[in-house]
Amino acid sequence: MDLSGKAAIVTGGADGIGLASAERMAQLGARVMLVDIDADKLDAAVSRMKALGHEVVGQHADVSDEGDVRAYVEAAKSHFGRIDGFFNNAGIIPRYYGVLWDCPADDFDRTIAVNVRGVFLGLKYVIPVMIAQGGGAIVNTASMGAAGGIPGSSPYVASKHAVVGLTKNAALEAATAKVRVNAVLPGNIVTRMSGLGTPGEKANQERLAAMVPAGHMGMPSDIAEAVCFLMSDAATYITGIELPVDGGILAASYGNM
Ligand code: NAD
C-alpha cells in the first residue's frame, strides 16, 4: 500500500482506532489532520506523531456540530490544498447499557448525534471538496453492531446500522465523480472505548476473546490496515462495501456479544 502524496483527515484521531490509523497513513506517506473533541489528547497525539517525523496537524472539533465540521474541512483544505482521504471514525458508546425500554432518551440522542449526525456532516462537507478535485476515498467506521443486534446496546446498534446506510447512499451518489465511500465493521478491538484495554477488564476480555473465531481480540492496528487499504489506490474499484474486521465473528451465526 502507498499513500504518498495524499492528504487525509481522521476524526476521533486522538485515540484508539483513529490514532492507529492516522499513524499507519503517515507511515505510508500521507499528510494527516487529526480531529478530536478532547483537546488534551489531541495535543498529545499530534506531538507523538510529530516526534515520529510525521506531517500532522490537529483540529479541535465536535463532529456533531455543523460549524465545527465546516471548520475542520476548511482547515484541511487550506492546510493541504486538497483532501484525498477521509476516515470518518469518531464515535461513542452511550453511558447507558441495558434494555431499550429503560434507555434514557438523552443517551439515545447523544449517540445518534455523534455516530450518525457526525458521520453525515463529515460526508456532507468532504464529498463536495473531493468532487471538485476529481476524486477521493472515504472510510466510515461502523461496527459489527451494524450487522445485527447486540442486546443492551440499542442506541449504538441503531447508529451503526445508520452508518452503513449513509455509506451505501453516499457511495452510489458520488461514484461517477470518483469518490469512493466504504465502511469498516470492527469487531472487539482493544481500545479505551471498549474498556478492553484495562487490567480490570481482563476477565471480560478473556470471555469475549473466547467467542472470536480467531481466538483473540483485535488491535487498533488491525483496523488501520483495512482503512489504509480502502483509502489507497489498490482499492480503486471498491465502493459501497461493509468490510468486517473482526477475527471471523460475523462469519459465524453467534455474532451477538
Ligand atoms: P476511542 O474512545 O479509543 O477513540 C474515539 C475517539 O473519538 C476519542 O479520541 C474521542 O475523544 C473522540 N470523540 C468522541 N466523540 C467525539 C466527537 N463528538 N467529536 C470528535 N471526536 C470525538 O474509541 P475507538 O474504540 O477507537 O472507536 C473508534 C470508532 O470505532 C468508533 O466509531 C467506534 O464506535 C468504533 N468501533 C469500536 C469498536 C471497539 O471494539 N473499540 C468496535 C466497533 C466499532
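This is a predicted model, so every value here is computed, not measured.

**Some points on the overall build of the chain**
Step number 1: Within the chain, the secondary structure is distributed over 7 helices and 7 strands.
Step number 2: Its C-alpha atoms give the chain a radius of gyration of 17 Å, near enough to 18 Å, the size a compact globule of 257 residues would have.
Step number 3: Taken along the three principal axes of its C-alpha coordinates, the chain extends 45 × 40 × 35 Å.
Step number 4: When the 257 residues of the chain are sorted by exposure, 48% land in the buried category.

**Topic: the site of the ligand**
Step number 1: Taken together, the neighbourhood of the ligand is formed by 30 residues, with G12, G16, G91, T191 and M193 sitting nearest.
Step number 2: Contributing elements (two or more residues each) for the shell around the ligand: α1 (16-27) and α4 (105-133).
Step number 3: Top contributing element to the shell around the ligand by residue count: α1, with 3 residues.
Step number 4: When its residues are assigned to classes, the shell around the ligand shows 11 nonpolar, 13 polar and 6 charged.

**Describing the sheet that holds strand β5 (residues 136-141)**
Step number 1: Strand order in this open sheet of 7 strands is β3-β2-β1-β4-β5-β6-β7, and the pairing throughout is parallel. Among the strands making up the open sheet, the edge pair consists of β3 (56-60) and β7 (242-245). The sheet shows a mean angle of 20 degrees between the axes of neighbouring strands, taken without regard to direction.
Step number 2: Note: strand β6 (residues 179-186) against β7, 4 bridges, orientation parallel. Opposite L185, over in β7, you have P244 as the bridge partner.
Step number 3: The sheet strands contacting α1 are β1 (7-11), β2 (31-36), β3, β4 (85-88), β5 and β6, and the helix crosses β1 at an angle near 170 degrees.

**Quick look at the environment of F108**
Step number 1: Residue position: F108 is located in helix α4.
Step number 2: Separated by 31 residues in sequence, F108 and V139 have C-alpha atoms that sit 24 Å apart.

**Re the packing of α1 against helix α7 (residues 220-231)**
Step number 1: One way to put it is that α1 packs onto α7 with a least axis distance of 8 Å and a crossing angle of 55 degrees. Accordingly, the angle class assigned to the pair α1 and α7 is oblique. Considering only the axes of α1 and α7, their crossing is right-handed. Residue-level contacts link G16, I17, A20, S21, R24 and M25 of α1 to P220, S221, I223, A224, E225, V227 and C228 of α7.

**Some remarks on the nonpolar core**
Step number 1: Core analysis: the biggest nonpolar cluster contains 71 residues, and A8, I9, V32, L34, V126 and V227 have the highest contact counts within it.
Step number 2: The greatest single-element share of this core, amounting to 10 residues, is contributed by α4.
Step number 3: The contacts of L34, once residues within four sequence positions are left out, are V10, G13, A14, A22, L42, A45, V46, V56 and G58.

What counts as what
- Residues numbered from 1 in each chain as written.
- Predicted model: local features only at pLDDT ≥ 70, side-chain atom pairs only at ≥ 80, totals over all residues.
- Helix = DSSP H or I, 4+ residues; strand = E, 2+ residues; numbered from the N terminus.
- Rg over C-alpha atoms; globule rule 2.2 N^0.38 Å.
- Buried ≥ 20, exposed ≤ 12 C-beta atoms within 10 Å, placed from the backbone.
- Near = placed C-beta within 6 Å.
- Nonpolar A, V, L, I, M, F, W, Y, C, P; charged D, E, K, R; others polar.
- Pairing = 2+ DSSP bridges.
- Axes fitted to C-alpha atoms, helices over the stretch in contact; angles between N-to-C directions.
- Contact = placed C-beta atoms within 7 Å.
- Parallel < 35°, antiparallel > 145°, perpendicular 65-115°, else oblique.
- Left-handed = near helix turned anticlockwise from the far one by under 90°.
- Core = buried A, V, L, I, M, F, W, Y, C linked by C-beta atoms within 7 Å.

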